[in-house]
Amino acid sequence: MSTAASAAATATPADRVTGSGLGYALAAYLLWGFLPAYFVLLAPVGPFEVVGWRILFSLIFCALLLTARRHWAPLLALVRDRRVLLSLGAAAAVIYVNWQVFIIASLGGQVLQASLGYFINPIVTVLFGVIVLRERLRAAQWVAVGISVAAIVVIAVGYGAVPWISLVLALSFGSYGLIKKRVGSRVDAVGGLTIETAWLAPLAVVQLTVVGVTGGFEFGRHGVVHTVLVLLTGVATALPLLLFASAARRLPLVALGLTQYLAPVLQFVTGVVLLHEEIDTERWIGFGLVWVAVIVLSVDALLAARRGRRIRVAAGVTGL
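Residues numbered from 1 in each chain as written. Predicted model: local features only at pLDDT ≥ 70, side-chain atom pairs only at ≥ 80, totals over all residues. Heavy atoms only, no water.

Caption draft 1: Representation of the overall build of the protein chain. Along its length, the protein chain carries 15 helices and zero strands. Out of the 320 residues in the protein chain, the part that is buried amounts to 48%. A separation of at least 24 residues holds for 88% of the contacts in the protein chain among residues at least 6 apart in sequence. Here the protein chain displays about 14,800 Å² of accessible surface, and carbon together with sulfur accounts for 70% of that area. (Helix = DSSP H or I, 4+ residues; strand = E, 2+ residues; numbered from the N terminus. Buried < 20%, exposed > 50% of the residue type's maximum accessible area, 1.4 Å probe, protein only. Contact = heavy atoms within 4.5 Å. Areas by Shrake-Rupley, 256 points an atom, 1.4 Å probe, with all protein chains shown as cover.)

Caption draft 2: The side chain of Glu277, seen in detail. Its place among the elements puts Glu277 in the loop between helix 14 (262–274) and helix 15 (281–318). At 5.1 Å, Arg283 is the nearest oppositely charged side chain to Glu277, a buried residue that forms no salt bridge. Discounting chain neighbours no more than four positions away, the residues touching Glu277 are Gly109, Gln110, Val111, Leu112, Gly271 and Val272. (Lys, Arg positive; Asp, Glu negative; His and termini not counted. Salt bridge = Lys/Arg side-chain N within 4 Å of Asp/Glu carboxyl O.)

Caption draft 3: Structural context of helix 4 (residues 47–69). The terminal C-alpha atoms of helix 4 lie 32 Å apart, and with 23 residues this matches the ideal 33 Å at 1.5 Å per residue to within 8%. Positive backbone phi, at 55°, marks Arg70, one or two positions downstream of helix 4. (Expected span 1.5 Å × (residues − 1).)

Caption draft 4: Region of interest: the nonpolar core. In terms of nonpolar packing, the biggest core is built from 57 residues, with Phe39 and Phe102 touching the most fellow members. Here this core gets twelve residues from one element, more than from any other, and that element is helix 6 (residues 82–107). With near-sequence residues (within four places) excluded, Phe39 lies in contact with Val50, Arg54, Phe102, Ile103, Ser106, Leu107 and Thr233. Of all hydrophobic cores here, the second largest spans 24 residues; its members include Val124, Ala170, Tyr261 and Leu297. (Core = buried A, V, L, I, M, F, W, Y, C linked by side-chain atoms within 4.5 Å.)

Caption draft 5: The packing of helix 6 against helix 9 (residues 164–183), seen in detail. Packing of helix 6 against helix 9 brings their axes to within 9 Å, and their N-to-C directions diverge by 160°. As summarised for this structure, helix 6 and helix 9 are arranged roughly antiparallel, according to the angle between their axes. Here helix 6 and helix 9 pass one another in a crossing that is left-handed. Contacts from Val84, Ser87, Leu88, Ala90, Ala91, Val94, Ile95, Val97, Asn98, Val101, Phe102 and Ala105 of helix 6 reach helix 9 at Trp164, Ile165, Val168, Leu169, Ser172, Phe173, Ser175, Tyr176, Ile179, Lys180 and Val183. For the contact of helix 6 with helix 9, the class distribution of residues is 18 nonpolar, four polar and one charged. (Axes fitted to C-alpha atoms, helices over the stretch in contact; angles between N-to-C directions. Parallel < 35°, antiparallel > 145°, perpendicular 65-115°, else oblique. Left-handed = near helix turned anticlockwise from the far one by under 90°. Nonpolar A, V, L, I, M, F, W, Y, C, P; charged D, E, K, R; others polar.)

Caption draft 6: Spatial organisation of helix 7 (residues 111–131). Its 21 residues place the ends of helix 7 29 Å apart at the C-alpha level, agreeing with the 30 Å of an ideal helix rising 1.5 Å per residue. Remark: the principal bend of helix 7, roughly 40°, maps to Asn121, with a proline, Pro122, within the next four residues. Taken across its 21 residues, helix 7 has 17 buried, putting it largely inside the fold. (Bend = angle between axes of the 7 residues up to and from the residue.)

Caption draft 7: Spotlight on a nonpolar patch on the surface. A grouping of Leu22, Leu26, Leu30, Phe34, Val265, Val269, Val273 and Leu274 is seen on the molecular surface, where their side chains present a nonpolar patch of about 630 Å² in accessible area. Elements with a contribution of two residues or more to the nonpolar patch: helix 2 (19–33) and helix 14. In terms of residue count, helix 14 provides more of the nonpolar patch than any other element does, four residues in total. Tracing the backbone through its elements, the reader meets Leu274 in helix 14. (Patch = residues over 30% accessible without salt bridge, like charges linked within 9 Å, V, L, I, M, F, W, Y side chains within 5 Å.)

Right under this line is the structure:
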């Protein structure tokens, strides 16, 4: 889920919602939504070992894709662009934090906190637009931000502590999206992920070395099926991204944005139904407030998109 922003940055706005576009988007978010359950299947592999293998196997999978599609030349052009290369290095740093915390949450019985992070991520994105890009918020967006802050306070009171997993996931993914937005459409999904994982590969090697020296690897010690599941972490990382990239080329950005909530909804269901995480009254109230904020933000986005279409149509009619 952590790579969706790169595809969104290259999306071409459209007014027509296509069935194939919705199919690609739903497939991507279904896969992202069930990632916590997938990572739970990797136990007893620890979170630091999982992330190390995930980085290396993602890099290998991307290299195979580039070879099959004969796209090495565009990748080398990106590598020669110092600004793009450094920007993707920064993106790699924040997505590493996102991946690591997400897997710690998934393997540590904190899937509900993870889902909360992705529910409030659009709010964080809105705030980044104000703070970094100097954008102006509409009244409804300010209302959504205020409701989200209230939700975090309620949940913090219920936990007896700040929900740091949720906040780190939201902030890291929001930062990732901001960086990729500034890189722009020059970086395609596979090329971007290839460079990001290449940046992280030395860290993955160090991390796996530490795991091997201190406790030993779990990878390869628990049967063929378990070993294959670990090997497929690269596919599990890249495949939703490619599906999302296909959706982004076929859907209006508003429709694309509204489908993003499917992943945290599925993560929430996974935590409550499949993993039997407890959810007390305070957390129900907090999640309820976040969902209200999401509805306010979504309705505002739909209305803004409708107004934009009317303005474009009027401009076309009058020849402006």
